[in-house]
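Fold and contact review
Below are the chains, spelled out letter by letter.
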Amino acid sequence: MRTRNVVIAGVGGQGVILFATALAKAALAIDLDASISEIHGMAQRGGSVISQVRIGGRIYSPTIPEGGADVIVGLEPLEALRALPFSNERTQVILNTKAIVPTTAFLKGQKYPELGEIIKTMERFCARILAIDAFTLARRCGSTKAQNMVVLGALAGLGALPIPPEAFEKGIATSVPKSSLELNLEAFRMGMEFTSSSKGLDITR
């Protein structure tokens, strides 16, 4: 089986590591091999966090080379842009449209790029971009903290990975506290439905 490479980019507090853990556990649930590597910036202060998940029959290295991502998951638009070096002409992108302005940029009065500018730039380097308002969908579920699970659902619905929805749900069940399991599963299912119904901004070459 060909190895699938997923890069997850976000900021501290968005649940990047939880996303990666649930994804890897979903792969393990169907007896695939999986590995995770993480790069933490100033995660506790809203800094950049990147996690790499590799899935396949046998994984020999935990890191994804530049240009090697099958999917880039951007939990925050600007962080997705920073992850572009991992893209190639076949890369699919799932982009949460909720922006988080970096504290340093806010204090210096620097302008945050328009979402359209970010998408236009990414469009030049990727095969497909699916934009999703995970913030609004997670709020409908009862907590905006579940944005990462909405985006995980969108990834499951994309069909880019050889993992069935049931395995994704097992990965979530073994990664989140029991007290928040139902909320996280609801957010996941909402994201998956969103992808399958193509309600997002879908830019395909």
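Here the structure is a predicted model, which means the values were calculated and not measured. (Residues numbered from 1 in each chain as written. Predicted model: local features only at pLDDT ≥ 70, side-chain atom pairs only at ≥ 80, totals over all residues. Heavy atoms only, no water.)

1. Some points on the overall build of the protein chain
Helices and strands together make up the secondary structure of the protein chain, namely eight helices and seven strands. Taken over the C-alpha trace, the protein chain has a radius of gyration of 16 Å; the compact-globule value for 205 residues is 17 Å, and the two agree within 12%. Within the protein chain, contacts between residues separated by at least 24 positions form 67% of all contacts whose residues are at least 6 apart in sequence. Per element, the accessible surface of the protein chain, about 9800 Å² overall, is 53% carbon and sulfur. Charge-centre separation for the protein chain: the mean point of 22 positive side chains lies 3 Å from the mean point of 18 negative side chains. (Helix = DSSP H or I, 4+ residues; strand = E, 2+ residues; numbered from the N terminus. Rg over C-alpha atoms; globule rule 2.2 N^0.38 Å. Contact = heavy atoms within 4.5 Å. Areas by Shrake-Rupley, 256 points an atom, 1.4 Å probe, with all protein chains shown as cover. Lys, Arg positive; Asp, Glu negative; His and termini not counted. Charge placed at Lys NZ, Arg CZ, Asp CG, Glu CD.)

2. Some points on the packing of aromatic side chains
On inspection of all chains with the given rule, the structure shows one aromatic pair. For lysine 98, the ring lying beneath its charged end belongs to phenylalanine 135, and the centroid distance is 4.4 Å. (Phe/Tyr/Trp six-rings, centres within 6.5 Å; stacked < 30°, edge-to-face > 60°. Lys NZ or Arg CZ within 6 Å of the ring centre and 35° of its normal.)

3. Considering the nonpolar core
Leu23, Leu152 and Ile163 are the most contacted members of the largest nonpolar core, which has 46 residues in total. When residues of this core are traced back to their parent elements, those giving at least two are β1 (4-11), α1 (16-29), β3 (48-56), β4 (71-74), α5 (134-141), α6 (147-158), α7 (165-173) and α8 (181-196). Non-local contacts of isoleucine 163, meaning those with residues more than four positions away in its chain, are made with Leu23, Ala26, Ala27, Ile30, Leu32, Ile55 and Phe168. Residues Ala9, Leu78, Met122 and Ile129 belong to the second largest nonpolar core, which totals 20 residues. (Core = buried A, V, L, I, M, F, W, Y, C linked by side-chain atoms within 4.5 Å. Buried < 20%, exposed > 50% of the residue type's maximum accessible area, 1.4 Å probe, protein only.)

4. Remarks on α6
In an α-helix there are 3.6 residues to a turn, and that puts residues three or four apart on one side. In this model, α6 (12 residues) spans 17 Å end to end at C-alpha, consistent with the 16 Å of a helix rising 1.5 Å per residue. When you tally the buried positions in α6, you get 11 out of 12 residues, the bulk of the element. Downstream of α6 by a residue or two, glycine 159 has a phi angle that is positive, lying close to 75°. (Expected span 1.5 Å × (residues − 1).)

5. Comments concerning unusual backbone geometry
Positive phi values are uncommon outside glycine, yet aspartate 31 reaches one of about 65°. Relative to the helices and strands, aspartate 31 resides in the loop between α1 and β2 (33-40).

6. Things to note about the environment of tyrosine 60
Summarising the element assignment, tyrosine 60 is placed in the loop between β3 and β4. Taking the C-alpha atoms as reference points, tyrosine 60 and aspartate 33, separated by 27 residues in sequence, lie 9.7 Å from one another.

7. Considerations on the pairing of strand β5 (residues 92-96)
The element β5 is largely enclosed, with a buried count of four among its five residues. As paired strands, β4 and β5 are joined by four bridges and run parallel to one another. The residue of β5 that forms the bridge with glycine 74 is leucine 95. Handedness of the crossover joining β4 and β5 through helix α2 (residues 77-82): right-handed. The sheet contact formed by β5 and strand β6 (residues 128-132) spans five bridges and is parallel. (Pairing = 2+ DSSP bridges. Right-handed = clockwise from strand over helix to strand, strands pointing away.)

8. So, the pattern of salt bridges
Tallied over the full model, the rule gives four salt bridges. Among the salt bridges present, the one from arginine 189 reaches glutamate 169, with a minimum N-O distance of 2.9 Å. Of this pair, arginine 189 sits in helix α8 while glutamate 169 sits in helix α7, placing them 20 residues apart in sequence. (Salt bridge = Lys/Arg side-chain N within 4 Å of Asp/Glu carboxyl O.)

9. Considerations on the packing of α1 against α7
α7 packs onto α1 with a crossing angle of 125° between their chain directions and a minimal axis gap of 7 Å. One element, α1, and the other, α7, form an angle in the oblique class. As α1 runs across α7, the sense of the crossing is right-handed. Together, Ala22, Leu23, Lys25, Ala26 and Ala29 of α1 and Ala167, Phe168, Lys170, Gly171 and Ile172 of α7 make up the contact between the two elements. A per-class count over the contact of α1 with α7 returns seven nonpolar, one polar and two charged. (Axes fitted to C-alpha atoms, helices over the stretch in contact; angles between N-to-C directions. Parallel < 35°, antiparallel > 145°, perpendicular 65-115°, else oblique. Left-handed = near helix turned anticlockwise from the far one by under 90°. Nonpolar A, V, L, I, M, F, W, Y, C, P; charged D, E, K, R; others polar.)

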